[in-house]
Amino acid sequence: MAAVTWKEIFLLASVVLGCYWNSLSCGFVFDDVSAILDNKDLRPSTSLRNLFLNDFWGTPMSEERSHKSYRPLTVLTFRLNYLFSELSAPSYHLLNVLLHVVVCVIFLRVCRLFLDKTSSRVAALLFAVHPIHTEAVTGVVGRAELLSSIFLLLAFLSYTRSKGSDHSIVWSPIALTVVLVAIATLCKEQGVTVIGICCVYEVFVAQGFTLPALMDTVLQVLRGKDGVPYVVLQTLLKLIALIISTLLLVIVRVQVIQSQLPVFTRFDNPAAVSPTPARQLTFNYLLPVNAWLLLNPSELCCDWTMGTIPLVESLLDVRNLATLAFYCLLGLLALHSLRYSDHSAKTVIMALSLIVLPFIPASNLFFPVGFVVAERVLYVPSMGFCMLVANGFRIVSQSGNLKKISWLCMALLLTTHAVKTFNRNWDWESEYTLFTSALKVNKNNAKLWNNVGHALENQNNYVRALKYFLQATSVQPDDIGAHMNVGRTYKNLNRTKEAEEAYLIAKSLMPQIIPGKKYATRVAPNHLNVYINLANLIRANESRLEEADQLYRQAISMRPDFKQAYISRGELLLKMNKPVEARDAYLRALELDRTNADLWYNLAIVNIEMKDPSEALKHFNQALDLNPRHKLALFNSALLMQESGEPQLRPEANRRFLIYVEEEPEDANGYFNLGMLAMDENENEAAERWMKKAIALQRGFRSALFNLALLYSQSRRELEALPVLGELLRHHPEHVKGLILKGDILMNHRKDTRGARECFLRILRMDPGNVQGKHNLCVVYFEERDLPRAERCLEEALAMAPQEEYIRRHLAIVRGKMAAMAAAGEPPPPPKGDDRNPSEPSPGPGGEGDGEGEGKEAPGPSGAGQKNERKSPHAERSARSLSQEQSKSLEPGQSEKRTKAKSTKEIKDIEEKRAAALKRLEEIERILSGD
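The structure presented is a predicted model; accordingly, all values stated were derived computationally and were not measured.

**Side note on the overall build of the protein**
Here's step 1: Within the protein, the secondary structure is distributed over 40 helices and two strands.
Here's step 2: Buried residues in the protein amount to 54% of all 931 residues.
Here's step 3: When the accessible surface of the protein is split by element, carbon and sulfur atoms take 59% of a total near 40,400 Å².

What follows is the structure, given as structure tokens:
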């Protein structure tokens, strides 16, 4: 048994890298989305303990919707990928390719046990380039196969050393085998099947039994003749050790899944819910289908569920001949290898064990699985297939006449397989390329039509997506998910009537409740989202809010642990001004899942609506404890701290805004609020920098422009404020406070009374009842020495706001000045400004002005002084067959905005504005009292 040389390792690595280098340009597709992108267990913020409590997709094993696939060590490697490169897809693909190289090298070592050097190299090269492996290698989730195969082969190699040179039992390799089997099983469940391979090896290879000899030995033992041979005792002892270890692993595995099999629907595996004999005939027909994929991997497909392979419903179906031929061929090979003890026979029996035993868990023969055919589960069985091909090549090439032909055929086979593998990798570049390539092979699978539609939907190409979703409903009229996808797409196209009709069709296809039978076991949990989506659609109509609430309650009655129903109902109740009931809905959802950061965030929003900022902040903090980079919780908790007016909270608010802008570097609101915090701390340079950043990201950002101008004004840089105010008024010509600030700067610092007058006149044209604008216009007239006009103006201002004492005082000053000049016989001074009589708007009805002065303004599209608005995620879920948490299933970019209650920050702002107004009054009185 020759060892593997460095040259052979280099050869295999070169071939694998040559076939799979283009996989590095592929993204996360198909199952990668839920296993990688949506799996919280990859994030460093998630406890490592969760890896051993959740399934492969990040769903708790205790939940009914769990897939029950327990592969914590595989998820651990994903987590290591995330630690080094987060969600950079090339690093995940590169590790898969390197793992495939490792498998090929170990497989070559295994082949050396049964084949010569040349044929073992042929087997390893064929395994390295076989196109059936593209799903396992190029698909990131295929890493479970790769890791499990490594430890499976190592366990087998370890067991082959359990026989000493004196034919005694060596227990240390057996113990190592058990450990490696456990590790392989924690990577993927099929790892435990190596125990069966070891048993076959022990009986027919290590002990050299043939089937006739084995039967004779068993009969002798049963008859009690000559006792039990020592060799048989050794074999039995080793087999008992293997079987006991297997049973222990199986018991632990059953305990992990809590003795529950996963729930699959007829869409996942139609034969599993079919009556006899269709179920048995179809499952047996799938065996030659898988064998044909190994023999002729020309038409590969990423998804073989639903209607891909029609049911075999009759014994007269011609496809039964393929099943019969498969069993005949398999039986002949097994019988021939078991009857003889030559080297070739041992090779065949080990190859068959590698084909058959690892495939049993995925065969559907003993228990149903969630797929019809899956190419990646053929990764280990293909090892046995490659050994069979290499053994046949060895036999044929030994014949002088066929040697050259056999080498030519093998070279052609390896080349075509390598080219096919390389080209197949391009199909996995994106979801669109993957599913469109699958449709070329199979047009009867509604799931493929749906998934192409999803890919187009992600590109915002809703018109084309709709065509594929409609085709899915045509291929599979009873596919609930397809009708849900049609409804969602109609909604995205603003065709609400058609969307509601599609949702109602999907709702009508839901199974009816049967008293005493658990509802959830008869329907995919994600199909219950039809009630959520329909309710989300109709609640846009204020008159149908109660109808939407009824749908939410119906979903909850069908599945009391349906978290998304509680979440959506909580949002609706908040919209219906029922914050107490909304809080109860979120608390019920938190009873089901206290580790969901989005639930704590939504509960905080309810607390804000209930005027309880302290509780809101506490729940925001709980959300951030679970997810320290929860963007909405970061933003709104920081905003709440900023509004509190408590100086000790400002550093933490600043830290959270800084993290927020790291997460959302294109959101101008984050930079604006950093600027506001800096202004509160009198850090003018930092405030200026943040405001400019916000304005650069959002041209015409009204609040940032005004507050930057205000910052310049307060820093005695009034002339720098003028161009900023010019940009503000260019985008928002109706901005009253901007006009007041500009008029003040023009009058007091540029001595441009004409420009100041025009600013105040513009205010009055927009709002004839604006007292502040009217009063400032009167001051302009006084500055222009037009005392009669100033007097008339102040009289009109006093009529508009008779309660304002400062106007009455200023009017008395003007009249006193005029009386003094008249007594001295001085003529009225000529106006300093323009002598023309501008058309002044007639004063509107009396009333108090805004009195806001030049205080800070918070962002918002309308009205000065509008506060920041809360962000709360809300949208309908996709009917895609991927397990999704409520926060992950929501549509990106959508938000509901909720106005905040008046806070201590607003009170502080009002006090600052009042102080600024008093200061302004002192300046005006100085002007009016002077010469």
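Back to the text.
**Examining the pattern of salt bridges**
Here's step 1: Evaluation of the coordinates by the stated rule reveals 41 salt bridges.
Here's step 2: A salt bridge links Asp 584 to Arg 583, with the nearest nitrogen and oxygen atoms 3.8 Å apart.
Here's step 3: Judged by relative accessible area, Asp 584 falls into the partly exposed class, the value being 39%.
Here's step 4: Assessed through its relative accessible area of 27%, Arg 583 is described here as partly exposed.
Here's step 5: Here Lys 618 makes a salt bridge to Glu 615, at a shortest N to O gap of 3.0 Å. Highlighted residues: Lys 618 and Glu 615, both in helix H27 (residues 613–626), separated by three residues, approximately one helical turn.
Here's step 6: A residue is classified by how much of its surface remains accessible, and Lys 618, at 42% relative accessible area, is partly exposed.
Here's step 7: Judged by relative accessible area, which is 25%, Glu 615 ranks as partly exposed.

**Re the environment of Val 254**
Here's step 1: Its location among the elements puts Val 254 in helix H11 (residues 230–256).
Here's step 2: On the basis of relative accessibility, which here comes to 34%, the residue Val 254 falls in the partly exposed class.

**Let's talk about the state of the cysteines**
Here's step 1: Per the stated rule, a full pass over the model turns up one disulfide.
Here's step 2: Each sulfur of the disulfide joining Cys 778 and Cys 793 lies 2.0 Å from the other. Its torsion about the S-S bond being -80°, the disulfide of Cys 778 and Cys 793 is classed as left-handed. One end of the pair, Cys 778, is in helix H36 (residues 771–783); the other, Cys 793, is in helix H37 (residues 787–800), with 15 residues separating them in the sequence.
Here's step 3: Note on Cys 386: no disulfide assigned, nearest cysteine sulfur contributed by Cys 111 at a separation of 8.1 Å.

**Describing the packing of helix H3 (residues 72–85) against helix H7 (residues 143–159)**
Here's step 1: Running from N to C, H3 and H7 cross one another at 115°; their axes reach a closest spacing of 9 Å. Between H3 and H7 the crossing geometry is right-handed. Contacts from Leu 73, Thr 74, Thr 77, Phe 78 and Asn 81 in H3 reach Arg 143, Ala 144 and Leu 147 in H7.
Here's step 2: Of the residues in the contact of H3 with H7, the class split is four nonpolar, three polar and one charged.

**A short note on the packing of aromatic side chains**
Here's step 1: What the rule picks out here adds up to 20 aromatic pairs.
Here's step 2: Note on Trp 21 and Phe 422: the rings are 5.5 Å apart at their centroids and 50° apart in plane angle, and the pair reads as tilted. Of the two residues, Trp 21 is situated in the loop between helix H1 (6–20) and helix H2 (31–37) and Phe 422 in helix H16 (residues 403–427); the sequence distance between them amounts to 401 residues.
Here's step 3: A ring pair is formed by Trp 21 and Trp 426, whose centres lie 6.5 Å apart and whose planes are at 90°; its orientation type is edge-to-face. In this pair, Trp 21 sits in the loop between H1 and H2 while Trp 426 sits in helix H16, placing the two residues 405 residues apart along the sequence.
Here's step 4: Across from the ring centre of Phe 56, 4.9 Å away, lies the NZ or CZ of Arg 71, which sits over that ring.
Here's step 5: Against the face of Tyr 671 rests Lys 693, its NZ or CZ located 5.5 Å from the ring centre.

**Focus on a nonpolar patch on the surface**
Here's step 1: Nonpolar side chains collect at one region of the surface, where Tyr 230, Leu 233, Leu 236, Ile 240, Ile 243, Ile 244, Leu 247, Leu 248 and Ile 251 lie side by side and expose about 890 Å² of accessible area between them.
Here's step 2: Residue position: Leu 247 is located in helix H11.

**A word on the side chain of Lys 238**
Here's step 1: Here Lys 238 lies in helix H11.
Here's step 2: Given the relative accessible area of 3%, Lys 238 is considered buried.
Here's step 3: Among the polar contacts made by the side chain of Lys 238, one reaches the side chain of Ser 162 at a distance of 2.9 Å.
Here's step 4: Those residues within four positions of Lys 238 in sequence are excluded, and the remaining contacts are Tyr 159, Ser 162, Lys 163, Ile 169, Ile 174 and Glu 202.

**With respect to the confidence of the model for the protein**
Here's step 1: Per-residue confidence for the protein averages 85 on the pLDDT scale, and 85% of its residues sit at or above 70.
Here's step 2: Per-element confidence in the protein ranges from a low mean pLDDT of 29 for helix H39 (residues 886–889) to a high of 97 for helix H4 (residues 89–111).
Here's step 3: Across residues 833–907 the pLDDT falls below 50, and counting only partners more than four positions away or on other chains, this stretch makes 222 contacts in the model.
Here's step 4: Counting interchain partners and residues more than four positions distant, the pLDDT-below-50 stretch residues 927–931 has 12 contacts.

**A look at the packing of helix H33 (residues 718–731) against helix H34 (residues 736–748)**
Here's step 1: Relative to each other, H33 and H34 sit at 145°, their axes nearing to 10 Å. In the packing of H33 onto H34, the handedness of the crossing is left-handed. In this structure, H33 uses Glu 718, Ala 721, Leu 722, Leu 725, Leu 728 and Leu 729 to contact H34, whose residues at the interface are Gly 738, Leu 739, Leu 741, Lys 742, Ile 745 and Leu 746.
Here's step 2: Per-class residue counts for the contact of H33 with H34 are nine nonpolar, one polar and two charged.

**Some thoughts on H37**
Here's step 1: Along its 14 residues, H37 runs 20 Å from first to last C-alpha, staying within 8% of the 20 Å computed at 1.5 Å per residue.
Here's step 2: Every buried residue of H37 is accounted for by Leu 787, Arg 789, Ala 790, Glu 791, Cys 793, Leu 794, Ala 797, Leu 798 and Met 800.

**Points about helix H24 (residues 563–575)**
Here's step 1: With 13 residues, H24 extends 19 Å between its outermost C-alpha atoms, agreeing within 8% with the 18 Å of an ideal straight helix rising 1.5 Å per residue.
Here's step 2: Within H24, 12 of the 13 residues are buried, which leaves the element mostly enclosed by the surrounding structure.
Here's step 3: Within the sequence span of H24, burial applies to Lys 563, Gln 564, Ala 565, Tyr 566, Ile 567, Ser 568, Arg 569, Gly 570, Glu 571, Leu 572, Leu 573 and Leu 574.
Here's step 4: Just past H24, the residue Asn 577 takes up positive phi, approximately 60°.

**Brief notes about the nonpolar core**
Here's step 1: Core analysis: the biggest nonpolar cluster contains 244 residues, and Phe 107, Phe 156, Met 350, Tyr 379 and Met 383 have the highest contact counts within it.
Here's step 2: In contact with Met 383, other than residues within four places in its own chain, are Val 103, Phe 107, Phe 127, Ser 149, Leu 153 and Leu 354.
Here's step 3: Core analysis: the next-biggest nonpolar cluster, separate from the first, contains 14 residues, Phe 28, Ala 35, Leu 51 and Tyr 92 among them.

**Some words on the environment of Ser 406**
Here's step 1: Positionally, Ser 406 belongs in helix H16.
Here's step 2: Classification of Ser 406 as buried rests on a relative accessible area of 8%.
Here's step 3: Measuring from C-alpha to C-alpha, the distance between Ser 406 and Arg 394 comes to 9.0 Å, with 12 residues separating the pair along the chain.
Here's step 4: The residues touching Ser 406, leaving out its near neighbours within four places in the chain, are Phe 393, Val 396 and Ser 397.
Here's step 5: One polar contact links the side chain of Ser 406 to the main-chain carbonyl oxygen of Lys 403, over a distance of 2.6 Å.

**As for unusual backbone geometry**
Here's step 1: Cis geometry marks the peptide bond from Thr 276 to Pro 277, where omega comes out at 5°.
Here's step 2: The backbone phi angle of Lys 751 is positive, close to 55°, even though this residue is not glycine.
Here's step 3: By the secondary structure assignment, Lys 751 is in the loop between H34 and helix H35 (753–766).
Here's step 4: Despite not being glycine, Arg 785 has its phi angle at roughly 65°, a positive value.
Here's step 5: Positionally, Arg 785 belongs in the loop between H36 and H37.

**Some points on the environment of Leu 17**
Here's step 1: Topologically, Leu 17 is positioned in helix H1.
Here's step 2: Put simply, Leu 17 and Leu 98 are 81 residues apart on the chain and 8.4 Å apart in space, counted from C-alpha to C-alpha.

About the criteria used
- Residues numbered from 1 in each chain as written.
- Predicted model: local features only at pLDDT ≥ 70, side-chain atom pairs only at ≥ 80, totals over all residues.
- Heavy atoms only, no water.
- Helix = DSSP H or I, 4+ residues; strand = E, 2+ residues; numbered from the N terminus.
- Buried < 20%, exposed > 50% of the residue type's maximum accessible area, 1.4 Å probe, protein only.
- Areas by Shrake-Rupley, 256 points an atom, 1.4 Å probe, with all protein chains shown as cover.
- Salt bridge = Lys/Arg side-chain N within 4 Å of Asp/Glu carboxyl O.
- Disulfide = S-S within 2.5 Å.
- Axes fitted to C-alpha atoms, helices over the stretch in contact; angles between N-to-C directions.
- Left-handed = near helix turned anticlockwise from the far one by under 90°.
- Contact = heavy atoms within 4.5 Å.
- Nonpolar A, V, L, I, M, F, W, Y, C, P; charged D, E, K, R; others polar.
- Phe/Tyr/Trp six-rings, centres within 6.5 Å; stacked < 30°, edge-to-face > 60°.
- Lys NZ or Arg CZ within 6 Å of the ring centre and 35° of its normal.
- Patch = residues over 30% accessible without salt bridge, like charges linked within 9 Å, V, L, I, M, F, W, Y side chains within 5 Å.
- Polar contact = N/O pair within 3.5 Å; in protein donor to acceptor, adjacent residues only side chain to side chain.
- pLDDT = per-residue confidence, 0-100.
- Expected span 1.5 Å × (residues − 1).
- Core = buried A, V, L, I, M, F, W, Y, C linked by side-chain atoms within 4.5 Å.

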